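Reading the structure
Below are the chains, spelled out letter by letter.
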Amino acid sequence: MTTSTVPLRWLDDAPPAELPGGATWGVPLPRGTVASVSALGLRQMGGPSVPAQFWPLATWPDGSVKWAGCAVGALDAPGAYEVVTDLSPQTAAAGAGIGSVVVREDADEIVVANGVIELAFARPEHGAIDTLARRVVRDGRIVARDIRLVSLLQDDVPEDGAAGPRRRFRSRVHRVVVEQDGPVRAVVRVEGAHRDEDGSREWLPFTVRFVVVAGSAEVRLVHTVVWDGDAEHDFLAGLGLRADVPLRAPLHDRHVRIAGADGGFFAEAVRGLTGLRRDPGAEVRGAQIRGEATPPTPRWNPQVSERLELIPAWGDFTLTQLSADGFAIRKRTAPGHAWIDAGAGTRAEGFIGISDPAGGLGVGIRSFWQSHPGQLDLRGATGDQAELTAWLYAPEARPMDLRFYHDGLGQDDFATQLEGLEITYEDYEPGFGDAHGVARTHELTLFAYAATPPIAQVAAAVERVQRPPLLQPTPDHLHAVGVFGDWAPVDRSTPARTEIEDSVDFLLDFYLGQVDQRRWYGFWNYGDVMHAYDADRHVWRYDVGGYAWDNSELSPDLWLWYSYLRSGRADVFRFAEAMTRHTGEVDVYHLGRWQGLGSRHNVQHWGCSAKQLRISSPIYRRIFHYLTADERVGDLLTELRDSDARFLDTDPTRKVRTDAATYRPDRAALAVGLGTDWGALAATWLADWERTGNERSRDRLLGTMADIGALPHGFLTGEALYDIDAGRFDSARERIAVSHLSAVFGLVEVCSELISLVDVPGFRDAWLEYCRLYLASPDEQEAAVGQRLTGIHLEQAHSRLTAYAAASRGDDALADAAWRAFEGIGEWLVHRRDFVLRRIDGPAVLNPVDEAPTVGTNDVAQYGLAAIQNLALIGDRLPR
């Protein structure tokens, strides 16, 4: 193996002032250079080594490490770093063992300690437990105990909006697993479900990962819940994380911290000493405002110290964020007494804490206001133990209603459903608009305090919760290693390149702006974008069938990720991250009859009857997984391993199949499309093979590649018969069928990557022929395959197929044809602003705007991908 160095950059370009929570990320390594992650080390640029932990994320076909996960613990003054493969044993030893994380397992519990805190978990195999974690200890004192999940369920939603009777549920833990055990990073996965108080029902399965890093007082949580209810009768009225916080100090030394908007804070004591008629003294007031222990009461003004019991103490606090644009804070002295309005604002940053000079706990929720309705509760702050709840779904909001949004409109058979598709673009089918099996993931952070922290420290921590510092490989390194197919770093070296790069940036900026302007936020919605625009109403078509939420239609996920890979833009990364979290969880089924499938675009994310692999495809998730080493997205990749079995019960083309009268799903002859279907399966098998070494996935991937290469017309066959037990196609099928959708859901990207990874006889030629002929003239098509191809659309998007053929063959004529197809009618799609936007001249709209888009998300995403890939493949052949 040879020496390799991976230069790193901070996502936000400059290193953070401090890194108390550590960082985790992924790096790619050139093929054949690293046999084991034990060869890797981290060092400052040109300086000493830094303690770090490495683990394999993926391997190349030759067995060398392709992607490695990396982690550092808390750092006081982070700087510039690089991953190296030739770190000398002496240099590495100098940094080893500093602030190590230790995991102790015994018969009763699992304890994770990092020199600053200890986190203890009970073992469910020794008896039923309803806590995720037993206790959090700092400096020998318990600062939190009994960390659990809670939820509320209503059986009905009254039409007048009144709250109905609610049943209380609490987490019941089934399994606790140590996934990583240090020395820099430890991960404990807790699995279970919610159970009601009398044990009569268990639902809402969950997974919560606790991440502890060396030297840190922070614990990162990744919480996933799967909806497995009956939408007609189950209305979730609250979902949250709760902990008990011991309090030891006098009430005037107990401090509440709640994050507001734009770095502002609600910061008050349980019993306030300021603003009174009598002054306790400047020293006392100053200490309380700073969150420090006040001087002993004999040093106070006795006019205050002798009347302390007459000053109200506030035991309960609540913040509600019921929309993206408004929060409110209120407090009360105790149950049975009125709530008092305490503050309000726009977008709260999702943090609440309670502490005293002996310690305390804070909880932060990432993307809090974006994922509304949220709520933060503190109860019992005047007692010996306060109860802190971070609600992921607010009890004060209307209960969650997941019923389908219309009654079917008489679409009881395929014929009427296809008619509905003609008018609203909605692919409806009775019973298919079901949310049973979709999921939602949140990220939270627990802060274990040794004493009440200064407001500036809490504000910096909240900023890190919302925008975590992240190390990343540079675009140049990512490109040089050759991961993810055809793309190249941003290049403005010529006027023509600059024109296209500017158009790509314009579209990215426009969509980033639309998220906020159109308020694409909410518990189930955040991370998605809308499909198409209604130019008459001046709104995106949020209520029109299949034109509403996009659900990965034509791969906006890939457009964003490839845009990030080549630019390194932090805003694009976070947009793509939110989309990955959404589309991989909400738009995909994780249990039930459609497990492993995703839902096509719709007014509701799960509303469409087209349940297909093209939406659940790992091609949309794996880039984020490899760049961040995120375990939850790794789960999403793994759970798709056997998704080919879905063809046995859910035929994606059942409504339009020309052989519907005779076709019956059969294990030995399943009809599988060679575009959206096989592209998703190939991405699934590739991700599983390179991540886990699974031979079944490897054999199905390589076997079906060989079968496609052996088909008389390769990819032009359109659909092949698949033997699910053998994992192979019938390679004798003689037919030609082309769809304009085949190559726009990740097929281009996965084929390019596979050809660079493995040499499978016939596969490269089959793909090149498809790329060459798709936009060829009818005469060329007829000469090659005996007939003209029909169903040719999205020419600009498919220009990248022609570009691939041109680059592979070194064919200038094909390169010119690709650029002509990309140009379309003689203009770059968006080389002028007024080509994609038009001025609004009409009635006022809810969110006033000056311009409206003239193209849909699918056009924009495919334009962006075509621009990126064409520049990488044939950018040197751009017309001058």
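Preceding block: the structure.
Note that this is a predicted model, so its numbers are computed, not measured. (Residues numbered from 1 in each chain as written. Predicted model: local features only at pLDDT ≥ 70, side-chain atom pairs only at ≥ 80, totals over all residues. Heavy atoms only, no water.)

**Focus: the overall build of the protein**
The cut-off we apply is this: In this text, helices come from DSSP runs of H or I with a minimum length of four residues, and strands from runs of E with a minimum of two, each type numbered from the N-terminal end. Here the globule rule reads 2.2 Å times residues to the power 0.38, and the radius of gyration is calculated from C-alpha atoms. For each residue, the accessible area found with a 1.4 Å probe, counting protein chains only, is set against the maximum for its type, and the residue is called buried under 20%, exposed over 50%, and partly exposed in between.
In terms of regular secondary structure, the protein is built from 21 helices and 37 strands. The C-alpha radius of gyration computed for the protein amounts to 29 Å, which stays within 12% of the reference 29 Å derived for 880 residues, consistent with globular compactness. When the backbone C-alpha atoms are referred to their principal axes, the protein occupies close to 100 × 70 × 60 Å. Counting all 880 residues of the protein, 60% fall into the buried class.

**Some remarks on helix α18 (residues 795–809)**
Condition: One less than the residue count of a helix, multiplied by 1.5 Å, gives the span that helix is expected to have. Whether two residues touch is decided by their heavy atoms; if any such pair falls within 4.5 Å, the residues are in contact.
Between its first and last C-alpha, α18 extends 21 Å over 15 residues, near the 21 Å set by a 1.5 Å rise per residue. The buried fraction of α18 is high, at 11 of 15 residues. Buried within α18 are the following residues: Gln796, Ala797, His798, Ser799, Arg800, Leu801, Thr802, Ala803, Tyr804, Ala805 and Ala806. On its buried side, α18 packs onto α15 (747–757), α16 (763–774), α19 (812–823) and α21 (857–874). Phi turns positive one or two residues past the end of α18, at Gly810, with a value near 65°.

**Examining the sheet that holds strand β35 (residues 728–729)**
Under the convention used in this document: Being paired, for any two strands, means DSSP has found at least two bridges between them. Think of each axis as a best-fit line through the C-alpha atoms, taken over the contacting stretch in the case of a helix, with angles from 0 to 180 degrees between the N-to-C directions.
Taken together, the 3 strands give an open sheet; going across it, the order is β33-β34-β35, and neighbouring strands pair in antiparallel fashion. Every other strand in the sheet has two partners, leaving β33 (670–673) and β35 as the edge strands with one partner each. On the sheet, helix α13 (residues 676–692) packs against β33, β34 (719–723) and β35 and is oriented at approximately 85° with respect to β33.

**Let's talk about the packing of aromatic side chains**
What counts here: Centres within 6.5 Å make a pair out of two Phe, Tyr or Trp rings, where for Trp the six-membered ring is used; the pair is then stacked when the planes are under 30 degrees apart, edge-to-face when over 60, and tilted otherwise. Charge-over-ring contacts are defined here by two conditions on Lys NZ or Arg CZ: a distance within 6 Å of the ring centre and an angle within 35 degrees of the ring normal.
In the structure shown here, the tally under the stated rule is 42 aromatic pairs. With 5.4 Å between their ring centres and 75° between their planes, Trp520 and Trp540 make a pair best called edge-to-face. Of the two residues, Trp520 is situated in the loop between α7 (495–517) and β29 (533–534) and Trp540 in strand β30 (residues 539–540); the sequence distance between them amounts to 20 residues. The same class applies to Trp520 as to Trp540, namely buried. Three or more aromatic residues joined by ring pairs form one cluster here, namely Phe510, Tyr511, Trp520, Tyr533, Trp540 and Trp559. Cation over ring: Lys66 sits above Trp60, and NZ or CZ is 4.9 Å from the ring centre. Positioned over the ring face of Phe523 is Arg440, at 5.3 Å from the centre of the ring.

**Things to note about helix α9 (residues 570–585)**
Quick reminder: α-helices carry 3.6 residues per turn. Residues three or four places apart thus point the same way. The first and last C-alpha atoms of α9 sit 22 Å apart over 16 residues, in line with the 22 Å expected at 1.5 Å per residue. With respect to burial, α9 is a largely interior element, 15 of its 16 residues being buried.

**Examining the nonpolar core**
Operational definition: Among buried residues, those of type Ala, Val, Leu, Ile, Met, Phe, Trp, Tyr and Cys that are joined through side-chain atoms within 4.5 Å constitute a nonpolar core.
Ranked by internal contacts, the top residues of the largest apolar core, which has 181 residues, are Trp25, Trp678, Phe715 and Trp767. When residues of this core are assigned to their parent elements, the largest contribution, 10 residues, is made by α21. Ala133, Ile329, Phe368 and Ala390 belong to the second largest nonpolar core, which has 62 residues in total.

**Digging into a negative patch on the surface**
Stated precisely, the cut-off is as follows: Candidate patch residues must exceed 30% relative accessible area and have no salt bridge, after which like charges are joined if within 9 Å and Val, Leu, Ile, Met, Phe, Trp or Tyr side chains if within 5 Å. Only the protein chains shown count as cover for residues, with accessible areas throughout obtained via the Shrake-Rupley method and a probe of 1.4 Å. Put simply, a salt bridge is a Lys or Arg side-chain nitrogen that is within 4 Å of an Asp or Glu carboxyl oxygen. Here Asp and Glu are counted as negative and Lys and Arg as positive; His is not counted, and neither are the chain ends. Where a charge lies is defined by one atom per residue type, namely NZ (Lys), CZ (Arg), CG (Asp) and CD (Glu).
Judged by side-chain charge, Asp155, Asp156, Glu159 and Asp160 come together as a negatively charged surface patch. For Asp156, the position within the fold is in the loop between β12 (141–154) and β13 (166–181).

**A closer look at the packing of α16 against α18**
What counts here: For classification purposes, an angle smaller than 35 degrees is called roughly parallel, one larger than 145 roughly antiparallel, one from 65 to 115 roughly perpendicular, and anything else oblique. If you view the pair so one helix is near and one far, a crossing is left-handed when the near helix is turned anticlockwise from the far one by less than a right angle, and right-handed when it is turned clockwise. Here the term charged refers only to Asp, Glu, Lys and Arg, the term nonpolar to Ala, Val, Leu, Ile, Met, Phe, Trp, Tyr, Cys and Pro, and the term polar to all other amino acids, Gly among them.
Here α16 crosses α18 at 125°, and the two axes come no closer than 8 Å. Considered as vectors, α16 and α18 are oriented oblique to each other. Judged by the sense of rotation from one axis to the other, the crossing of α16 with α18 is left-handed. For the pair α16 and α18, the contacting residues are Arg764, Trp767, Leu768, Glu769, Tyr770, Cys771, Arg772 and Tyr774 in the first and His798, Leu801, Thr802, Tyr804, Ala805, Ser808 and Arg809 in the second. Looking at side-chain class alone, the contact of α16 with α18 contains 8 nonpolar, 3 polar and 4 charged residues.

**A short note on the environment of Leu40**
When you line up the elements, Leu40 lands in the loop between β2 (23–28) and β3 (41–44). Between the alpha carbons of Leu40 and Thr85 there is a distance of 4.5 Å; along the sequence they are 45 residues apart.

**Digging into the pattern of salt bridges**
The full count for this structure, using the stated rule, is 82 salt bridges. Among the salt bridges present, the one from Arg148 reaches Asp244, with a minimum N-O distance of 3.2 Å. Of the two residues, Arg148 is situated in strand β12 and Asp244 in strand β17 (residues 235–246); the sequence distance between them amounts to 96 residues. Looking at Arg148, the relative accessible area reads 6%, which means it is buried. A salt bridge links Asp427 to Lys655; the nearest nitrogen and oxygen atoms lie 2.5 Å apart. With Asp427 in the loop between α4 (414–424) and β27 (439–449) and Lys655 in the loop between α12 (631–638) and β33, this pair connects stretches of sequence that are 228 residues apart. For the pair shown, Asp427 and Lys655 are each scored as buried.

**A few points about unusual backbone geometry**
Of note, the bond from Gly182 into Pro183 is cis; its omega dihedral lies within 30 degrees of zero at 15°. Summarising the element assignment, Pro183 is placed in the loop between β13 and β14 (185–196). Here the amide bond leading from His372 into Pro373 is cis, since omega sits at 5°, within 30 degrees of zero. Tracing the backbone through its elements, the reader meets Pro373 in the loop between β24 (359–365) and β25 (374–379). At Ser367, a position not held by glycine, the phi torsion is positive, near 55°. When you line up the elements, Ser367 lands in the loop between β24 and β25. What makes Ser367 buried here is its relative accessible area of 16%. With phi around 65°, Tyr425 is a residue other than glycine that occupies positive phi space. As for its position among the elements, Tyr425 is in the loop between α4 and β27.

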